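Residue strings, one per chain:
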Amino acid sequence: MIILGIESSCDETAAAVVQNGTIILSSIIASQMDTHCKYGGVVPELASRMHAEAIVPVVSEAVEKAGIKLANIDGVAATRGPGLIGALLVGFSFAKAFAWARRLPLAGVNHLEAHIYSLLLMETPPAFPFIALVVSGGHTNIYHVTSPHTFELMGQTRDDAAGEAFDKVSKMMGMGYPGGPIIETLAKTMDPGVIKFPRSLLDKKGFDFSFSGLKSSVARYLHDHKIVTPGDKAQVAASFQAAVLDVLSTKLMNAARFKSCKRIGISGGVSANQTFATLLTQRAEKEGIQVFAPPVSLCGDNAAMIAARGTTMIEQGNTCDLNHDVFSRTRI
Ligand code: KG4
Ligand code: ZN
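Cut-offs applied
- Residues numbered from 1 in each chain as written.
- Chains lettered and ligands numbered in written order.
- Predicted model: local features only at pLDDT ≥ 70, side-chain atom pairs only at ≥ 80, totals over all residues.
- Heavy atoms only, no water.
- Core = buried A, V, L, I, M, F, W, Y, C linked by side-chain atoms within 4.5 Å.
- Buried < 20%, exposed > 50% of the residue type's maximum accessible area, 1.4 Å probe, protein only.
- Helix = DSSP H or I, 4+ residues; strand = E, 2+ residues; numbered from the N terminus.
- Contact = heavy atoms within 4.5 Å.
- Axes fitted to C-alpha atoms, helices over the stretch in contact; angles between N-to-C directions.
- Parallel < 35°, antiparallel > 145°, perpendicular 65-115°, else oblique.
- Nonpolar A, V, L, I, M, F, W, Y, C, P; charged D, E, K, R; others polar.

Caption draft 1: Geometry of the nonpolar core. Counting residues in each nonpolar core, the largest one holds 42 residues, and the members touching the most others are Phe240 and Leu248. Mapped by element, the contributors of at least two residues to this core are strand S6 (130-135), helix H5 (162-172), helix H7 (212-224), helix H8 (230-258), strand S9 (263-267) and helix H9 (274-285). Here this core gets 12 residues from one element, more than from any other, and that element is H8. Dropping the residues within four chain positions of it, Phe240 is found in contact with Ala165, Phe166, Val169, Ile183, Phe197, Leu214 and Val218. Counting 32 residues, the second-largest nonpolar core is a separate cluster that includes Val109, Ile116, Met122 and Ala304.

In structure tokens:
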């Protein structure tokens, strides 16, 4: 089965062609980063307009690169939510029109489930059941995934997402957007143990996160200390990153122990952080737990993961019609 996937929930217009839910024939991502970084974050109105400009060329390129004809496409999958409403509408409306015109089934994909599916697109994917962390600029959710269709939400952030904290701390130090890669690179040069930033909710039994206290603590530190040299910034970056990664890894390990689960997968933009993957793997190995992290091309927003999730939905007959609408928030 050949599925065309479309993603437009935030600041990437993406299209991909995936065969049988696992073989990526093409995956095109048009990033709007250069536009939004001038404003230090995503501007929703600009995002919608840019999706509208990019959607047709991006889909055409995905079909062309896949080496297929439109007639070979068996179904369409597009992100239905959560995300920015205006941005989602562009991709989902395009998908509705495409599916209707060609009489194809349409899957309205949950973006968070799709991030979990990026793990299933790996060369060696995790077997079920596994613990999955979706960690991005908008979400920090832990799931117990027991089948291709069963995602039990175990915990989530009560305030900021981990990626959002990276972005805000980078902004506070006068550095660019997105903050994650900048902070990770800077942190590599420094000992992470020098400044002791708080690890919120680590003393609590549950699996929820909170990063706003850490963010305020970094703001206070920057206010109280002279941060002038690149070395000063690197020290804050390393200590901040260590606090985030410590919390993420500890909660994931707790979740795996709680469910007696021997596999952990990480996905979403922050999972591109190599320091995170290394730290988690070190901790997990000690308890015989395997860690799965997708290649960087599948960590951030992409349409291959949307097509992969859409394939299983279409196989199950879980499809949309023209009356279905997009949604901005959800819980799975
Ligand atoms: O999944 P994604 O591309 O978009 C959504 O938010 O859905 O994630 C983007 C987030 C941003 O907050 C960015 O700072 C963060 O992922 N990020 C990272 C790294 N690369 C991207 N955070 C930490 N370390 C990284 N290397
Ligand atoms: Zn995402």
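Caption draft 2: Highlighting the packing of helix H4 (residues 111-120) against helix H11 (residues 304-315). Axis separation between H4 and H11 bottoms out at 8 Å; the angle between their running directions is 100°. Of the possible angle classes, the one that applies to H4 and H11 is roughly perpendicular. Listed contacts from H11 to His111, Glu113, Ala114, His115, Tyr117 and Ser118 of H4 are Met305, Ile306, Ala308, Arg309 and Thr312. Of the residues contributing to the contact of H4 with H11, the split by class is 5 nonpolar, 4 polar and 2 charged.

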